[in-house]
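Chain and residue survey
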Amino acid sequence: MSVLVLVLAVSAACCLGFGFVLQQNAAQRAPLNDFLSFRLLLDLVKVPRWLGGIGLMVVGMALGAAALGQGELSLVEPLLATNLLFALALSRRQTRQPLGRQGWAGLLLLAGGVSAFIVAGEPQGGAATADPTRQWLIIGAMIGLALLLTAHAKRSRLSSGPVLLALGAGLLYGVQDALTRVSGERFSEGGFTELLTGWQPYAVLALGVTGLVLVQSAFETASLRKSLPALTAAQPIAGIICGVGFLGDRLRTDTVALSWEAGGLLAVIAGIVLLGLHPAMPTGAPERARAGRLQPQPQAQ
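A short tour of the structure in this document, coming up. Keep in mind that what you see is a predicted model, and the values were worked out from it rather than measured.

About the cut-offs
Residues numbered from 1 in each chain as written. Predicted model: local features only at pLDDT ≥ 70, side-chain atom pairs only at ≥ 80, totals over all residues. Heavy atoms only, no water. Helix = DSSP H or I, 4+ residues; strand = E, 2+ residues; numbered from the N terminus. Expected span 1.5 Å × (residues − 1). Buried < 20%, exposed > 50% of the residue type's maximum accessible area, 1.4 Å probe, protein only. Arc of directions from axis to C-beta. Contact = heavy atoms within 4.5 Å. Lys, Arg positive; Asp, Glu negative; His and termini not counted. Salt bridge = Lys/Arg side-chain N within 4 Å of Asp/Glu carboxyl O. Phe/Tyr/Trp six-rings, centres within 6.5 Å; stacked < 30°, edge-to-face > 60°.

**Overview of helix α11 (residues 255-276)**
- Look at α11: 31 Å from first C-alpha to last across 22 residues, which is about the 32 Å you get at 1.5 Å a residue.
- Listed as buried for α11 are A257, E261, G264, A267, V268, G271, I272, L275 and G276. Down the axis of α11, the buried side of the element spans an arc of 155 degrees, and every buried residue falls inside it. Opposite the packed face of α11, turned more than 90 degrees from it, sit the exposed residues T255, V256 and L266.
- Elements that come into contact with the buried residues of α11 comprise α5 (83-95), α6 (100-121) and α10 (224-246).

**Considering the side chain of E77**
- In this structure, E77 sits in helix α4 (residues 73-80).
- For the buried residue E77, which engages in no salt bridge, the nearest side chain bearing the opposite charge is R181, 9.2 Å off.
- Apart from the residues lying within four places of it in its own chain, the contact partners of E77 are G174, D177, Q235, P236, G239 and I240.

**Observations regarding the packing of aromatic side chains**
- Overall, the coordinates contain 4 aromatic pairs when judged by the stated rule.
- Ring centres 6.3 Å apart and planes at 90 degrees place the aromatic pair F18 and F86 in the edge-to-face group. Of this pair, F18 sits in helix α1 (residues 3-27) while F86 sits in helix α5, placing them 68 residues apart in sequence.
- On the numbers, 5.0 Å between centres and 70 degrees between planes, the contact of F187 with F192 is edge-to-face.
- Judged by its relative accessible area of 37%, F187 falls in the partly exposed class.
- F192 sits in the exposed class, given a relative accessible area of 56%.

Below is the structure:
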């Protein structure tokens, strides 16, 4: 693995993790009437803390794009999942909670799972598939599943809704990462002319804005413990599927390697859950109070 790719991906994860914490701190105070609406972004853009979080997220995405330009999607995505470690670090500073057994266990599972997947899979680049049908089937399946999760989240916004929105956003961000890599390749081949004449950069922008609305709506309606683990788990899985499915990424496929790869991904997910549920993670506004804001007020007799 290139040291440059490692530095870029981990730096991106650091910026993303810090940015998510700052965004949730601001979004939890936003009006619930803006749930799943672009008005939510217009309200949040007036909050300095949220702007700081978005600034860090943009820097993280730029560093992630640079990492994708130097390494395979199947290599970069697991490294980006370590953003939860940095989110926990900032949250611990805010809440002054000790790491404890749960935190150490989550840290070891996440770091060990990422290492096991990369060492066992040995991700390598290859020629992207020339079959557009395969590409559109994979992208359509990811976007379609994200839409289904969002539709269900509308009916359960204060129960399972935040988790479903975060899962949907993670799927969109995984596809966005894949198309970011394609956009980078087009730019390398023909500059801005080649880049802007393709549909990929516009899809990257649309997916980014849509994913942002989903994430902020999840942050708005529940604590970081509910939303961030789902987001962090879904994005690398979607990215790896896209990388292997149509970008030409190759992983070892012998029985032993596949076992370690599957075990590594399961360890990553388990570590994400443990870290996401850590007491240091911000709890947000009391959910009973927020649920009451959604109930219609009784009319005066």
